[in-house]
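# Analysis of the macromolecular model
Each chain, written out:
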Amino acid sequence: MPPKPGSGEQGGDVFDSVADVTARFAEHGYFADERLATTVFLQSRLGKPLLLEGPAGVGKTQLAKSLADVTGRRLLRLQCYEGQDETTALYEWDYGKQLLYTQLLREKIGQIIGDAVTLAEAVDKIAAEDSVFFSEQFLAERPLLQAIRSEVPVVLLIDEVDRADEALEAVLLELLAEYQVSVPELGTYRAVHVPYVVLTSNNTRDLSAALKRRCLHLSLDYPDTERELAIIRSAGTGLADALARTLVEVVRGLRELELRKAPSISETIDWARTLAVLGASELTAELLSQTANVVVKYDRDLRRTLEALPGLVDPNATVPGPGAAGGHGHGHGEHDHGHSHADHGDADRDSTGRDSTGRDSTGRGGSASRGGAEHDHEPADETGRAGRAAKDEPGRHSAAYYGEAGADRKPPPVGKAQAERSFNARGARRRPV
């Protein structure tokens, strides 16, 4: 049977009410809203683990740290990662220590098996002593087992459990449901004090229903303006209150952009400290652009941030787009070349809309359009038709051109030099036999 909720608690471990949770966390710089304070209060009374899900940087990990500070408990942390197994989460046998003891006790082992007549007898004698090397003296405890065997109450933080494989979730089920850990060689360890267990997830994958069923669940999001401003004030950044409020509004605007990673609360605090160190008396788009790398850590995100900052600082500001200066803008970020070809051609067109070559704005020559009735047209140019007719008059070419009877239609003679070049060219391309 699992320990009763609240067993083994000492002094400030127990919260009197939801308001007590809010007040005591605020004293330690963590400003919990009503939902979060209620969930923490229920965790302390029901003795159930708490699963917090939400984007990175909303205060999930900090909640466990603040819970340890508020209750005076020791904090044990298991940082999860891909490929993790029970040897780093629960326990493992200290193989190096076992091997060292085997070497040191070689003489004693020889005495034990010295009177053995057969090999089978020697193996049996060694097997009778193998429990010595699988005792608590050689057991290397990991955070989960440490939390269960601890003689004092603890807060167990299982951080970013979504990064671990599903196999580790199965390992966690016994601890989360029964507050116990089974070691096949030694038996089952039950918790002396019920630990406050806090699991966090950044929603990189869905957790199993079995794990969620064993926990109180809460989804955390970024705080509202007033709460985040209170967090910055409590952090002692040194930034003036009016500037801190403006900074919070800017950060909230950045979180609405499609960024790969939105600015976290801790990064907002870092930005406020950076601006305070620089002695900022006013938050301008230029100053924020110079320090935006404090909160934005990817190149694509930084480009989008720099584009959005002028509008976030001053909503009435007009941000010039590519090609706004003289119709010749080079958008190096997107490789846009804003050349206006229509502008280059305007100077060469006359009042009729044609350029010096007789072509109109669509690039077609002549005055008659294919549409016909709906367009205005100039009179047809008769000189062009007359010129073509004159070229067709007989006598312009020799008789051979028109194919008259008796005309000499033989091709002109080919010069000797030309014939030699042609022959040599063909000869050079012949394949050797």
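Just above, that's the structure.
Residues numbered from 1 in each chain as written. Predicted model: local features only at pLDDT ≥ 70, side-chain atom pairs only at ≥ 80, totals over all residues. Heavy atoms only, no water.

### Some remarks on the pairing of strand 6 (residues 180–183)
Where strand 6 lies against strand 7 (residues 187–190), four bridges are found, and the strand directions are antiparallel. Considered in strand 7, the bridge of Val183 is made with Gly187. In this structure, the hairpin formed by strand 6 and strand 7 is closed by a connection of three residues. (Pairing = 2+ DSSP bridges. Helix = DSSP H or I, 4+ residues; strand = E, 2+ residues; numbered from the N terminus.)

### Considerations on the packing of helix 11 (residues 225–234) against helix 12 (residues 241–255)
Across the interface, helix 11 lies against helix 12 with an axial gap of 10 Å and an inter-helix angle of 125°. By the angle between their directions, the pair helix 11 and helix 12 is classed as oblique. Taken as a pair, helix 11 and helix 12 cross one another with a handedness that is right-handed. For the pair helix 11 and helix 12, the contacting residues are Thr225, Glu226, Glu228, Leu229, Ile232 and Arg233 in the first and Asp241, Ala244, Arg245, Val248, Glu249, Val251, Arg252 and Arg255 in the second. Residues belonging to the contact of helix 11 with helix 12 are distributed by class as follows: five nonpolar, one polar and eight charged. (Axes fitted to C-alpha atoms, helices over the stretch in contact; angles between N-to-C directions. Parallel < 35°, antiparallel > 145°, perpendicular 65-115°, else oblique. Left-handed = near helix turned anticlockwise from the far one by under 90°. Contact = heavy atoms within 4.5 Å. Nonpolar A, V, L, I, M, F, W, Y, C, P; charged D, E, K, R; others polar.)

### Considerations on unusual backbone geometry
Even without a glycine there, the phi angle at Glu160 is positive, about 55°. Looking at where Glu160 falls in the secondary structure, it is placed in the loop between strand 5 (154–159) and helix 9 (166–178). Since its relative accessible area comes to 19%, Glu160 is described here as buried. Positioned with a positive phi, Asn203 is a non-glycine residue whose angle comes to about 65°. For Asn203, the location among the structural elements is in the loop between strand 8 (196–201) and helix 10 (209–213). The partly exposed category is assigned to Asn203, whose relative accessible area is 44%. (Buried < 20%, exposed > 50% of the residue type's maximum accessible area, 1.4 Å probe, protein only.)

### What about helix 9?
Between the first and last C-alpha of helix 9 there are 19 Å, a value that for 13 residues agrees with the 18 Å anticipated at 1.5 Å per step. The largest bend in helix 9 comes to about 35°, at Leu172. The set of residues buried in helix 9 consists of Leu168, Glu169, Leu172, Leu173, Leu175 and Leu176. Where helix 9 is buried, its residues meet helix 4 (86–89), helix 8 (143–149), strand 5, strand 6, strand 8 and helix 10. (Expected span 1.5 Å × (residues − 1). Bend = angle between axes of the 7 residues up to and from the residue.)

### Section: a nonpolar patch on the surface
Where nonpolar side chains cluster on the molecular surface, the patch consists of Leu100, Leu104 and Leu105 and spans about 290 Å² of accessible area. Relative to the helices and strands, Leu100 is located in helix 5 (residues 95–104). On the basis of relative accessibility, which here comes to 46%, the residue Leu100 falls in the partly exposed class. (Patch = residues over 30% accessible without salt bridge, like charges linked within 9 Å, V, L, I, M, F, W, Y side chains within 5 Å. Areas by Shrake-Rupley, 256 points an atom, 1.4 Å probe, with all protein chains shown as cover. Salt bridge = Lys/Arg side-chain N within 4 Å of Asp/Glu carboxyl O.)

### Comments concerning the pattern of salt bridges
Applying the stated criterion to the full structure yields 15 salt bridges. Here Asp33 and Arg227 are joined by a salt bridge, their closest N and O atoms 3.8 Å apart. Of this pair, Asp33 sits in the loop between helix 1 (18–27) and helix 2 (34–46) while Arg227 is found in helix 11, placing the two residues 194 residues apart along the sequence. The partly exposed category is assigned to Arg227, whose relative accessible area is 22%. Across the pair Glu267 and Lys297 runs a salt bridge, and its minimum N-O distance is 3.1 Å. With Glu267 in helix 13 (residues 265–277) and Lys297 in the loop between helix 14 (285–290) and helix 15 (299–313), this residue pair connects regions lying 30 residues apart in the sequence. A relative accessible area of 8% places Glu267 in the buried class. Take Lys297: its relative accessible area is 47%, and that puts it in the partly exposed class. Taken together, the shared-partner salt bridges in this structure form one network comprising Glu136, Glu141 and Arg149.

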